Amino acid sequence: MSEAPRTEALPHAFFSWNRLWAIATNTLTELVRLRVFYFLLIFALLLIVGSLFWSKVTFQQQLQTLKDISLGAMTIFSTLLAMLATSMMLPKDMEDRTLYTILAKPVPRFEYLMGKLTGILLLLGLAILAMSLVFGVTLGVRYFQVAQQLQGELGGATSELMQPSVEALRAEVFDPDLLIAIGLLYLKAAIFAAITLFLSTISSSWIFTVMMAAIVYLIGHFQGEAREYLMLTSDGSWLTQGFLGVVVILFPDLQLFNLVDDIVVGAGLPLSLAWKTIALGVFYFFIYTAASYLAFSSKEY
Amino acid sequence: MHRGLAAALALLLVAGVVKIPMESALDRDQQEAGFRTAELDFDMRERLTQMTFLAALSGLRALVADMFWLKVFTRFENADWGRMPYLLDTVTSLQPRSELFWDLAHWHMAYNASSWAYHDSDLPSEALRRKAQEEYWELGRGLLERGIKNNPDSRMLWERLGGLLADKFEDHCAAAEAWGQAASQPDASPYAKRFAAYELARCPGREEEAYQRLMALYQMGERERKPTLLRLLQEMEVELDIPMEQRIYKDSSNSQE
């Protein structure tokens, strides 16, 4: 009697990019299927296209208004997407029992969490890319309209008078710093997703997570003031100092990523400053992601 | 406490202490580079509603400024000049790096409102109308000077200041300085240097220097030889008693050699 071939179990890798990618793409698919995100995206697109008509109201500042409205809408929607998508992620997996199925398999919790977060990052990337494309096309169309208008108005002027106006118009539209501004928007949304993930791992319902995330978002924009007060003032009560100390230590300074308002009016961002801002953003992202893992790792399901 | 949560909090505490100097340094670098210079303080809080103040703080400062600009536009359409300075101050304080807001704000005050004030039939006397007009000029000038303080390398704002000082204040010496600053910017308009020389020619006591500058421009070729430049050169040759052999205009007639 011949012996049956022995099947050898493949060694289980502690970390697998394939598994992480599978979780990430699955998360992205799930999120894209939720109608609320389509709604947000369409609303953002409408806002950007609608700004074409609003910008007609204010003569001479049409392009600036268009950029302000578009980037403002992108800020709102990327923040909302990051907060809502991340806060719903774990509770939904628990409700669908997908979480238990995955964790019952040899999938490390770190991989599961990273896969989920990567899915959110992909969603944010796609959303911001889509909004940027619409913004770019709208800005381009508006540029040609305004340029034609300008040509009509200054048609009789000498090239010496026309040249600075045309150059200023071109510089306002073909501004490479706008790409950096959009990149910073993405970074801020990614940091916020990591913070929301941490809150999600310690809370029991997604509504609580959303409320906490909104509070963190607000406090994060005051953190710089608290830090300045704490460092410059020493005569406050111990209660005040202690409270501010907790705020400064536990919360990120989200104001540091609000450079879009200045970039949009043509303030050139030095490359070194852009890198420093990105470096701090990446640091925040990893710290809150690591904290999420630590909180999630010993949680019982 | 949950073991994992305790570890997470410990990590946040350690990272929190590490990040403070990083945040302070970046904050300083950004401010030094002219970013986030808008003062979102208690004064601004009083100007904005609670929600708009929060929006301005949360990265929507540009949008809030645009919203207030729409109010400015409505006031402009209704010729409600009295309330405009306050709104213009709010907009420019929210977006101090926007040259366009400073430019339009000064234009509304120094040109539109001042003209309206001068023709305001409610003001009983010429003296009062002129006084109101001058007050609006001053407001316009103040806006431009604050705009330049926030954007010292703005060609456009220096040009506007030069124009305002010459047109409304007839301070040609200060106008020459402003046009000179405009001409020294990397993106200077081709006419800025010429305008600086024109204003200098009208500045008492600096005729010699103005003549040298006008001559230098003249010698740059046909492109610079505009009618105003030629007229001023002719006037200064006479005024400064330039020796005949050095003159562009050899006689008192307008014929150019």
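As a starting point, this report considers the structure included with it. Values in this document were obtained by computation on a predicted structure and should not be read as measured data.

**Description of the overall build of chain B**
And then number 1: In terms of regular secondary structure, chain B is built from 11 helices and 0 strands.
And then number 2: Its helices and strands in sequence order give chain B the pattern α-α-α-α-α-α-α-α-α-α-α, from N to C terminus.
And then number 3: Whereas a compact globule of 257 residues would reach a radius of gyration of roughly 18 Å, chain B reaches 26 Å, over 25% beyond that.
And then number 4: When the backbone C-alpha atoms are referred to their principal axes, chain B occupies close to 100 × 50 × 25 Å.
And then number 5: For chain B, the residues scored as buried account for 49% of the 257 residues in total.
And then number 6: Looking at chain B alone, contacts between residues at least 24 apart form 51% of all its contacts between residues at least 6 apart.
And then number 7: Summed over its atoms, the accessible surface of chain B is roughly 12800 Å², and 54% of this surface lies on carbon and sulfur atoms.

**Overview of a nonpolar patch on the surface**
Residue and element names in this part refer to chain A.
And then number 1: Together, Leu 271, Trp 275, Ile 278, Val 282 and Phe 286 line one region of the surface with nonpolar side chains, adding up to about 520 Å² of accessible area.
And then number 2: Relative to the elements of secondary structure, Val 282 occurs in helix α11 (residues 271-297).
And then number 3: Exposure remark for Val 282: the relative accessible area of 35% places this residue in the partly exposed category.

**Considering unusual backbone geometry**
It is generally the case that most residues other than glycine have a negative phi and that most peptide bonds are trans.
And then number 1: Its identity is not glycine, yet Arg 97 of chain A carries a phi of approximately 65°, on the positive side.
And then number 2: The residue Arg 97 of chain A is located in the loop between α3 (62-95) and α4 (98-104) in this model.
And then number 3: Judged by relative accessible area, Arg 97 of chain A falls into the exposed class, the value being 55%.
And then number 4: Its identity is not glycine, yet Asp 241 of chain B carries a phi of approximately 55°, on the positive side.
And then number 5: For Asp 241 of chain B, the position within the fold is in the segment after α11 (227-239).
And then number 6: Classification of Asp 241 of chain B as exposed rests on a relative accessible area of 61%.

**Some details on helix α8 (residues 206-232) of chain A**
Since the α-helix advances by 3.6 residues per turn, residues separated by three or four positions end up pointing in the same direction.
And then number 1: Spanning 27 residues, α8 of chain A covers 38 Å between terminal C-alpha atoms, matching the ideal 39 Å at 1.5 Å per step.
And then number 2: The largest bend in α8 of chain A comes to about 45°, at Phe 222 of chain A.
And then number 3: Within α8 of chain A, burial applies to Thr 209, Val 210, Ala 213, Val 216, Tyr 217, Gly 220, His 221, Gln 223, Gly 224, Ala 226 and Arg 227 of chain A.
And then number 4: Contacts made by the buried residues of α8 of chain A are with α3, α7 (177-202) and α9 (238-250) of chain A together with α1 (3-32) and α3 (50-77) of chain B.

**Re the interface of chain A and chain B**
And then number 1: Residue-level contacts link 59 residues of chain A with 49 residues of chain B.
And then number 2: For the pair chain A and chain B, the summed buried area comes to about 4800 Å², and 67% of that belongs to carbon and sulfur atoms.
And then number 3: The interface formed by chain A and chain B includes 5 salt bridges.
And then number 4: Put simply, Asp 261 of chain A and Arg 61 of chain B hold a salt bridge, and the shortest N to O gap is 3.7 Å.
And then number 5: On the surface where chain A and chain B come into contact, there are 20 residue pairs in polar contact (both at pLDDT 80 or more).
And then number 6: Ranked by residue count, the leading element in the side of chain A that touches chain B is α11 of chain A, at 12 residues.
And then number 7: Here the side of chain A that touches chain B is built from residues that sort into 35 nonpolar, 15 polar and 9 charged.

**Structural notes on the state of the cysteines**
All names here are of chain B.
And then number 1: Within this structure, the stated rule accounts for 1 disulfide over all chains.
And then number 2: Disulfide partner of Cys 173: Cys 203, at an S-S distance of 2.0 Å. Looking down the S-S bond of the Cys 173 and Cys 203 bridge, the torsion is 95°, so its handedness is right-handed. With Cys 173 in helix α8 (residues 172-183) and Cys 203 in the loop between α9 (192-201) and α10 (207-218), this residue pair connects regions lying 30 residues apart in the sequence.
And then number 3: Look at Cys 173 and you get partly exposed, because its relative accessible area is 25%.

**Some details on the packing of α7 of chain A against α11 of chain A**
Residue and element names in this part refer to chain A.
And then number 1: Orientation of α7 relative to α11, taken along the N-to-C sense of each, is 15°, at an axis distance of 8 Å. The angle between the axes of α7 and α11 places the two elements in the roughly parallel class. When you trace α7 past α11, the crossing you get is left-handed.
And then number 2: Each residue belonging to the contact of α7 with α11 can be placed in one class, and the counts come to 19 nonpolar, 5 polar and no charged.

**Thoughts on the nonpolar core**
And then number 1: Core analysis: the biggest nonpolar cluster contains 89 residues, and Leu 71, Tyr 112 and Leu 269 of chain A have the highest contact counts within it.
And then number 2: The element that contributes the greatest number of residues to this core is α7 of chain A, accounting for 16 residues.
And then number 3: Setting aside residues no more than four positions away along its own chain, Tyr 112 of chain A makes contact with Ile 23, Leu 90, Asp 93, Leu 99, Ile 102, Leu 103, Val 107 and Phe 296 of chain A.
And then number 4: Among the nonpolar cores identified, the runner-up in size contains 43 residues, and Trp 102, Ala 113, Leu 157 and Leu 164 of chain B belong to it.

**A few points about the environment of Phe 35 of chain B**
And then number 1: You can see Phe 35 of chain B is positioned in the loop between α1 and α2 (42-47).
And then number 2: Through-space distance from the C-alpha of Phe 35 of chain B to that of Glu 170 of chain B is 35 Å; in sequence the pair is 135 residues apart.
And then number 3: Here Phe 35 of chain B is in contact with Leu 259, Asp 262, Ile 263, Ala 267, Gly 268, Leu 269, Pro 270 and Leu 273 of chain A together with Gln 30 and Arg 97 of chain B, once residues within four sequence places are set aside.

**A closer look at the environment of Trp 81 of chain B**
And then number 1: Take Trp 81 of chain B: it is sitting in the loop between α3 and α4 (84-94).
And then number 2: What Trp 81 of chain B contacts, discounting residues up to four positions off in sequence, is Phe 76, His 108, Met 109, Asn 112, Ala 113, Trp 116 and Tyr 136 of chain B.

**Section: the pattern of salt bridges**
And then number 1: Under the counting rule described, the total for this entry stands at 30 salt bridges over all chains.
And then number 2: Of the charged contacts in the structure, one is a salt bridge between Glu 224 of chain B and Arg 194 of chain B, with a shortest N-O distance of 3.0 Å. Taken together, the residues Glu 224 of chain B in the loop between α10 and α11 and Arg 194 of chain B in helix α9 connect sequence positions 30 residues apart.
And then number 3: Its relative accessible area of 3% is what places Arg 194 of chain B among the buried residues.
And then number 4: The network of salt bridges with common partners includes Arg 227 and Asp 253 of chain A together with Lys 19, Glu 23, Asp 27 and Arg 36 of chain B.

Cut-offs used in this document
Residues numbered from 1 in each chain as written. Chains lettered and ligands numbered in written order. Predicted model: local features only at pLDDT ≥ 70, side-chain atom pairs only at ≥ 80, totals over all residues. Heavy atoms only, no water. Helix = DSSP H or I, 4+ residues; strand = E, 2+ residues; numbered from the N terminus. Rg over C-alpha atoms; globule rule 2.2 N^0.38 Å. Buried < 20%, exposed > 50% of the residue type's maximum accessible area, 1.4 Å probe, protein only. Contact = heavy atoms within 4.5 Å. Areas by Shrake-Rupley, 256 points an atom, 1.4 Å probe, with all protein chains shown as cover. Patch = residues over 30% accessible without salt bridge, like charges linked within 9 Å, V, L, I, M, F, W, Y side chains within 5 Å. Salt bridge = Lys/Arg side-chain N within 4 Å of Asp/Glu carboxyl O. Expected span 1.5 Å × (residues − 1). Bend = angle between axes of the 7 residues up to and from the residue. Buried area = accessible area lost by both parts, 1.4 Å probe. Polar contact = N/O pair within 3.5 Å; in protein donor to acceptor, adjacent residues only side chain to side chain. Nonpolar A, V, L, I, M, F, W, Y, C, P; charged D, E, K, R; others polar. Disulfide = S-S within 2.5 Å. Axes fitted to C-alpha atoms, helices over the stretch in contact; angles between N-to-C directions. Parallel < 35°, antiparallel > 145°, perpendicular 65-115°, else oblique. Left-handed = near helix turned anticlockwise from the far one by under 90°. Core = buried A, V, L, I, M, F, W, Y, C linked by side-chain atoms within 4.5 Å.

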